[in-house]
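# Report on the structure
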Amino acid sequence: MEEVRVFPLTCAVQNYAWGKAGLDSEVARLVVGGEPLAVIEEKPYAELWMGAHPKGDAQIKDNRITQTTLGQWIAHYPACLGSKVKDAFQGQLPFLFKVLSVNTALSIQAHPNKDLAARLHAQFPEHYPDTNHKPEMAIALTRFQGLCGFRPVEEILAFLQRVPEFHALVGNEAAEELRRSVGDDARTSQALKKCFTRMMSCEKKVFVDELNELVKRVTEEGAAGKDTSSSNGELLLRLHSQYPGDIGCFSIYFLNYVVLEPGQAMFLGANEPHAYIYGDCIECMACSDNTVRAGLTRKYIDVNTLCEMLNYSPAPASSKIFACVQDPSDPCVTVYDPPVPDFTVIKIQVPASVKEYTVAPVDSASILLVIEGDAMVTAPAAHSDITMRRGTVLFVSANESLSLHVSSPSGMVLFRACSLL
Ligand SMILES: [Zn+2]
């Protein structure tokens, strides 16, 4: 028989402690849609990994295929990647596609570019496991909250003025330098770096005392019915309840608070500080584990590397929303195409009126996830029909098209990850 080039996958679930519990989690709800899985009510379902990463290589759900996992299959049939992708990424699937369900904040972090990743890996392989960069894109499935990039300087200066505990960690000199830098972008970046580095380098006893003071003050003001927004009080107390005594609680005065509505995205390029706070999203990233942390974590914080690498370009929260584009040739398709070759995410929204839909071929292997709807899929390279429903994940080899015969009355929503070189 000819080789099967389109097949369903059973994907790895990661039960990290920060995930939403039981059926509150979109990850759990999706997996239940595709598989008989007994969801445990109190258990966190944090991430669904759709890819060939060695820590969560997807299982192939087609008993005509002898390989067990996607990684093994790609190693055997690297042509499935598409010739350009195969050459550019040494026969590896260049991306890891995920669904995340975030209940408590993930660490504030940034990811190195390729040069820095290679240097860090050579110096500290225990903290930086590979030589690759790790650009990431998050697309909201539910209202999604995060921190991303440095705030406009005016906002940081306002917090320095109104939050004395924050001012104490930054210090008079650095704060004054930031104030005087306004209007000169190069000087502002330098001053911002100095302010952030001062804060991150504070001794633990100092910042824990200031944080306790701040939390006490904001709690009392809140109890007295006062508006605490000038101290970003609501977010402060929320993060502090999750990470008491953590330096990351102060980062809310430096970083933009970004809220994505469903379908909106943020792209996290190299050196962009960010944290996910709450919500469900689709995520796609280059295959790497290189993360430099800045707080809201019990893991290792490499303050020197972090403060050196960050992108100190202040910009408003609204500028952090990544612009997706409508495909001019297909009104069902929205493309999220970040400025990196490793991945592109495509949203396919089939309206209720369309019953026959063709998923176009691309010159890249892709992974397709069904978020909503049912269909029978005919693909010549599948050698038999495949049933698609909420939670179904398909691997599609390069240059294969799929014909969907939609059976759900309200249409379908799918997300597809691929590499459009
Ligand atoms: Zn990240």
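Residues numbered from 1 in each chain as written. Predicted model: local features only at pLDDT ≥ 70, side-chain atom pairs only at ≥ 80, totals over all residues. Heavy atoms only, no water.

What counts here: UniProt positions are given in the numbering used here, feature names are shortened, and annotations may be inferred rather than shown by experiment.
The name given to the protein chain in an unreviewed UniProt entry is Mannose-6-phosphate isomerase, with the source organism recorded as Oryzias javanicus. According to the UniProt record, the Pathway (unreviewed entry) comment for the protein chain is "Nucleotide-sugar biosynthesis; GDP-alpha-D-mannose biosynthesis; alpha-D-mannose 1-phosphate from D-fructose 6-phosphate: step 1/2." Regarding the protein chain, the relevant UniProt record gives this comment under Function (unreviewed entry): "Isomerase that catalyzes the interconversion of fructose-6-P and mannose-6-P and has a critical role in the supply of D-mannose derivatives required for many eukaryotic glycosylation reactions."

## Things to note about the coordination of the zinc ion
Stated formally: Water is not part of the atom set, so a site may look incomplete; the donors themselves are N, O and S atoms within 2.8 Å of the metal, or 3.2 Å for Na, K and Ca. Just to be clear on the cut-offs, tetrahedral is four donors with all angles between 85 and 135 degrees, square planar is four donors and octahedral six with opposite donors over 155 degrees apart and all others between 65 and 115, and anything else goes down as irregular. Helix and strand definitions here come from DSSP, where helices need a minimum of 4 consecutive H or I residues and strands a minimum of 2 consecutive E residues; each element is numbered from the N-terminal end. Classification of residues uses two cut-offs on accessible area relative to the type maximum, computed with a 1.4 Å probe and protein chains only: under 20% is buried, over 50% is exposed, and between them is partly exposed.
Only Gln109 (OE1), His111 (NE2), Glu136 (OE) and His274 (NE2) from the protein coordinate the zinc ion, and they sit 2.1 to 2.3 Å from it. If you look at the zinc ion, its four donor atoms make angles of 90 to 162° with each other, and the shape they trace is irregular. Counting along the primary sequence, the residues that act as donors to the zinc ion give the motif Q-x1-H-x24-E-x137-H. Placement of Gln109 in strand 8 (residues 108–110) and of His274 in strand 13 (residues 274–286) is noted, with a sequence separation of 165 residues between them. The exposure classification of Gln109 matches that of His274, with both residues buried.

## Quick word on the environment of Gln59
Keep this limit in mind: The contact definition used throughout considers only heavy atoms, calling two residues in contact when any of these lie within 4.5 Å.
One can find Gln59 in strand 6 (residues 59–60). Residues Gln59 and Asp374, 315 residues apart in the sequence, show an inter-C-alpha distance of 22 Å. Residue contacts for Gln59: discarding those within four places in its chain leaves Pro8, Leu9, Thr10, Thr68 and Thr69.

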